[in-house]
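Each chain, written out:
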Amino acid sequence: QVQLVESGGGLVQAGGSLRLSCAASGRTFSTENRGWFRQAPGKEREFVAAINWSGSTTAYADSVTGRFTISRDNAKNTVYLQMNSLKSEAPAVYYCAAKSPYGLSPISRLWGSWGQGTEVTVSS
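Trainee: Could you give me a rundown of the overall build of the protein chain, with the residues and numbers involved?
Mentor: Within the protein chain, the regular secondary structure consists of zero helices and 11 strands. Element order for the protein chain, N to C, with α for helix and β for strand: β-β-β-β-β-β-β-β-β-β-β. Expected size for 124 residues packed as a compact globule is a radius of gyration near 14 Å; at 13 Å, the protein chain falls within 12% of this value. Taking the principal axes of its C-alpha atoms as reference, the protein chain extends roughly 40 × 25 × 25 Å. Contacts in the protein chain between residues far apart in sequence, at least 24 positions, make up 59% of those at least 6 positions apart. A total of about 6,400 Å² of accessible surface is found on the protein chain, and carbon and sulfur atoms cover 48% of it. Side-chain charges of the protein chain comprise 12 positive and 8 negative groups, with the mean position of each set lying 4 Å from the other.

Okay, structure coming up:
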């Protein structure tokens, strides 16, 4: 079982940038796909971005396309989410997730492993 730990969240001004990290420990696999989801109070968890096991394929939610970039460093068992041009909106907890390598799904229930999350707040 893989353990995922997010870091890098915090307070940032609208239009600014932030980079989140997701470090994996425990039993890890080179073929794991990774993803980022976020959840604001009163809202369901939503897909943000995903990357396949090799890093050759990525997927993004329409709301973040062109502003966010997901990447991974398998040597460090770490996935990153570079967030640029952040918008002023409700604070959200960003979660890292992992799944088998068969697809990059925006459906949260199809991802088997989750971190505890890191909160991101964007001020006006």
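Trainee: Outline empty space enclosed by the protein, listing residues and values.
Mentor: Following the criterion strictly, the structure yields one cavity of 30 Å³ or more and no others. Put simply, the largest cavity is a space of about 80 Å³. Every residue lining the largest cavity is counted, 13 residues in all, and those nearest its centre are Arg38, Lys87, Glu89, Tyr94 and Val122. Elements supplying a minimum of two residues to the lining of the largest cavity: β9 (89-99) and β11 (118-123).

Rules behind the numbers
- The residue numbers shown here count from 1 along each chain, following its written sequence.
- Totals for whole chains, interfaces and linings use every residue, but because this is a predicted model, local features are given only for residues with pLDDT of at least 70 and side-chain atom pairs only at 80 or more, for both listing and counting.
- Values shown for side chains rest on all heavy atoms present in the structure; no hydrogens or waters enter the calculation.
- Under the scheme used here, helices are H or I runs from DSSP no shorter than 4 residues and strands are E runs no shorter than 2 residues, and both carry numbers assigned from the N terminus.
- The size measure is the radius of gyration over C-alpha atoms, and the globule rule it meets is 2.2 Å times the number of residues to the 0.38 power.
- What makes two residues a contact is simply this: any of their non-hydrogen atoms within 4.5 Å.
- Using the Shrake-Rupley algorithm and a 1.4 Å probe, accessible areas are obtained, with residue cover drawn only from the displayed protein chains.
- We score Asp and Glu as negative and Lys and Arg as positive, and we do not count His or the chain ends.
- Working definition for charges: the position is that of NZ of Lys, CZ of Arg, CG of Asp or CD of Glu.
- A pocket here means an open set of points on a 1 Å grid, computed over the protein atoms alone, that has protein on both sides within 12 Å along at least five of seven lines. A cavity is instead a set of points where a 1.4 Å probe fits but cannot get out; residues with an atom within 4 Å of a point line either one.
- Grid points are joined across faces, edges and corners, and a volume is the space filled by probe spheres set on the points.

Interpretation in functional terms is not warranted from these geometric data alone.
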